[in-house]
Amino acid sequence: MLRVREERLRDLGGLMLEMYRRDQFRQDLLVERCDELVALDDRLQELDTLLAVAVSARRAAPAARCACGAPIVGGSHFCANCGRPVEAAAPVVACANCGAAVPAEAKFCAACGQATATAPGSEAAAEPAGDSWST
């Protein structure tokens, strides 16, 4: 897709140059080609976003570390190296729509965009409603 985008971008530049040389501009043709490029750019951005979400979902969370730098073993209440109390990790819940892990205080799921139970008006968002713009 990137190669197609680059070719169309070069073709648009060539088309513009030829129109200039001949002093015959066709705005409809230029707008059509620009619309194609914008649609292609939007699709590439969408794919980049989907890839970023997939990569971040597969990436393991970094190991928890104490202020002294020692790794914290899961379930421990104190650091094994220095004895400092371990801060409680923020609670995590599963998204009702896609099942992805979401921090409990989050308002929206980072994977699918669904409003969470803590989001204001999430009860209304969960219920199918009629067209709110028609009232």
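Source: prediction; values computed, not measured. (Residues numbered from 1 in each chain as written. Predicted model: local features only at pLDDT ≥ 70, side-chain atom pairs only at ≥ 80, totals over all residues. Heavy atoms only, no water.)

1. Focus on the overall build of the protein chain
Here's step 1: Each helix and strand in the protein chain was counted, giving three helices and two strands.
Here's step 2: In sequence order, the protein chain lays out its α and β elements as α-α-β-β-α.
Here's step 3: Sorting the 135 residues of the protein chain into buried and exposed places 14% on the buried side.
Here's step 4: Counted over contacts in the protein chain with a minimum sequence separation of 6, partners at least 24 positions apart contribute 16%.
Here's step 5: As displayed, the protein chain has an accessible area near 10,800 Å², and 57% of this comes from carbon and sulfur atoms. (Helix = DSSP H or I, 4+ residues; strand = E, 2+ residues; numbered from the N terminus. Buried < 20%, exposed > 50% of the residue type's maximum accessible area, 1.4 Å probe, protein only. Contact = heavy atoms within 4.5 Å. Areas by Shrake-Rupley, 256 points an atom, 1.4 Å probe, with all protein chains shown as cover.)

2. Quick notes on unusual backbone geometry
Here's step 1: Residues other than glycine seldom take positive phi values, yet Asp 23 does so here, at roughly 55°.
Here's step 2: With respect to the helices and strands, the residue Asp 23 is situated in the loop between helix H1 (2–22) and helix H2 (27–58).

3. Quick look at the environment of Arg 43
Here's step 1: Tracing the backbone shows Arg 43 in helix H2.
Here's step 2: C-alpha of Arg 43 to C-alpha of Met 1: the two residues are 42 residues apart in sequence and 9.1 Å apart in space.

4. Quick notes on the nonpolar core
One broad trend across soluble globular proteins is that nonpolar side chains are buried collectively.
Here's step 1: With six residues, the main nonpolar core is built from Leu 12, Leu 15, Met 19, Leu 29, Leu 30 and Leu 37.
Here's step 2: If you list the elements that add at least two residues to this core, you get H1 and H2.
Here's step 3: If near-sequence neighbours (up to four positions away) are discounted, Leu 15 is found in contact with Leu 29, Leu 30 and Arg 33. (Core = buried A, V, L, I, M, F, W, Y, C linked by side-chain atoms within 4.5 Å.)

5. Regarding the confidence of the model for the protein chain
Predicted coordinates in regions of low pLDDT should not be interpreted in detail.
Here's step 1: Across the protein chain, pLDDT averages 79, with 76% of residues at or above 70.
Here's step 2: For the protein chain, helix H3 (residues 122–126) is the element with the lowest average pLDDT, namely 44, and H1 is the one with the highest, namely 92.
Here's step 3: Scored below 50 in pLDDT, residues 122–132 shows four contacts in the model against residues more than four places distant or in partner chains. (pLDDT = per-residue confidence, 0-100.)

6. Concerning the environment of Cys 34
Here's step 1: Topologically, Cys 34 is positioned in helix H2.
Here's step 2: Residue class for Cys 34 comes out partly exposed when judged on its relative accessible area of 34%.
Here's step 3: Remark: the alpha-carbon pair of Cys 34 and Arg 8, spanning 26 residues in sequence, is separated by 9.2 Å.

7. Considerations on a nonpolar patch on the surface
Here's step 1: Side chains of Met 16, Leu 17, Tyr 20 and Phe 25 sit close together on the surface and give an oily, nonpolar patch of about 430 Å² of accessible area.
Here's step 2: Looking at the element boundaries, Met 16 is found in helix H1. (Patch = residues over 30% accessible without salt bridge, like charges linked within 9 Å, V, L, I, M, F, W, Y side chains within 5 Å. Salt bridge = Lys/Arg side-chain N within 4 Å of Asp/Glu carboxyl O.)

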